[in-house]
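Fold and geometry: a report
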Amino acid sequence: MCVCKWIRKYQDLERVDSLYQKESPDVMDIEDLVATAKKFKHCPYFKTQSMLENADLVLLPYNYVFDPKVRSAMKIQLKGNILIIDEAHNLESTCEDSVSIEWSSKDNALCINEARKVLQLLVDEEERKRDEGV
C-alpha cells in the first residue's frame, strides 16, 4: 500500500492549523497551500482534507461532485448544501462518462475465464459433499 511519507509528520505536529494560519492568514489558494505544505514538509492533500470540515465554500471540478466514489472519498456531502455549477456546457457528457464504461473483448474473455473458475469451484464443492455423504 502506498502511503504519503508526510502524513505521520502532519498527524503528529501540534497546532498545525495555527502554523498555516500564521503563514497565510487570508484565504489560501492552491499555490499558497502547496508552498506552505512544502515549507512544513506536509502533504497538501491531507491538509485540505482536514480543512473541508470547516469550509464555508469549496470550489472543485463538478465531475468530482457527480462521481459518487470521488464524493465519498473526499467526504463531500450534498444534503443541506448549495451546489452551483459554472460553465456547464459539457455537463451532460461528463455525467454520461461517469456512468459509462468501456468494455473490450479482452475484458469479456477475462470475465468468462473467471466465471469458469467459479463454476469449477462449485462443481468441486458439490462433488466433495457427495463423496463425504453430506
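To keep things clear, this report deals only with the structure shown in the data block. No experiment lies behind these values; they were computed from the predicted model shown.

1. Section: the overall build of the protein chain
When helices and strands are counted, the protein chain shows eight helices and zero strands. The buried share of the protein chain, reckoned over its 134 residues, is 14%. Put simply, of all contacts in the protein chain between residues at least 6 apart along the chain, 45% involve residues at least 24 apart. Per element, the accessible surface of the protein chain, about 11600 Å² overall, is 55% carbon and sulfur.

2. Focus: the packing of helix H3 (residues 30–40) against helix H4 (residues 44–52)
The N-to-C vectors of H3 and H4 enclose an angle of 120 degrees; their axes lie 9 Å apart at closest approach. Crossing of H3 against H4: the hand is right-handed. Contact residues: H3 offers Leu33, Val34 and Ala37, while H4 offers Pro44, Lys47, Thr48 and Met51. Split into classes, the residues belonging to the contact of H3 with H4 amount to five nonpolar, one polar and one charged.

3. Looking at the layout of surface pockets
Taken as a whole, the second largest pocket holds about 790 Å³ of empty space. Around the second largest pocket sit 23 residues that line it, and Leu57, Val58, Leu60, Ile76 and Ile82 are the ones nearest its centre. Sorting the residues of the lining of the second largest pocket by element identifies H4 and helix H5 (62–66) as the ones contributing at least two each. Split into classes, the residues belonging to the lining of the second largest pocket amount to 16 nonpolar, three polar and four charged.

4. Quick word on the pattern of salt bridges
Within the structure shown, the criterion is met by three salt bridges. Between Lys117 and Glu114 there is a salt bridge, and its shortest N-O distance comes to 3.5 Å. With Lys117 and Glu114 both in helix H8 (residues 105–132) and three residues apart, the pair spans about one turn of that helix. The class for Lys117 is partly exposed, based on a relative accessible area of 45%. According to the relative accessible area criterion, Glu114 is partly exposed, its value standing at 45%. Across the salt bridge formed by Glu125 and Arg128, the nearest N and O atoms sit 2.5 Å from each other. Of this pair, Glu125 and Arg128 both sit in helix H8, separated by three residues, roughly a single helical turn.

5. A few points about H3
Listing the buried residues of H3 in full gives Leu33, Thr36, Ala37 and Phe40. Taken end-on, H3 shows its buried residues confined to a sector of 100 degrees, consistent with a single buried face. Of the exposed residues in H3, the ones pointing more than 90 degrees away from its buried face are Glu31, Lys38 and Lys39.

Thresholds, definitions, all that
- Residues numbered from 1 in each chain as written.
- Predicted model: local features only at pLDDT ≥ 70, side-chain atom pairs only at ≥ 80, totals over all residues.
- Heavy atoms only, no water.
- Helix = DSSP H or I, 4+ residues; strand = E, 2+ residues; numbered from the N terminus.
- Buried < 20%, exposed > 50% of the residue type's maximum accessible area, 1.4 Å probe, protein only.
- Contact = heavy atoms within 4.5 Å.
- Areas by Shrake-Rupley, 256 points an atom, 1.4 Å probe, with all protein chains shown as cover.
- Axes fitted to C-alpha atoms, helices over the stretch in contact; angles between N-to-C directions.
- Left-handed = near helix turned anticlockwise from the far one by under 90°.
- Nonpolar A, V, L, I, M, F, W, Y, C, P; charged D, E, K, R; others polar.
- 1 Å grid on protein atoms, 1.4 Å probe; cavity = no way out; pocket = protein on both sides within 12 Å on 5 of 7 lines; lining within 4 Å.
- Points joined across faces, edges and corners; volume = space filled by probe spheres on them.
- Salt bridge = Lys/Arg side-chain N within 4 Å of Asp/Glu carboxyl O.
- Arc of directions from axis to C-beta.

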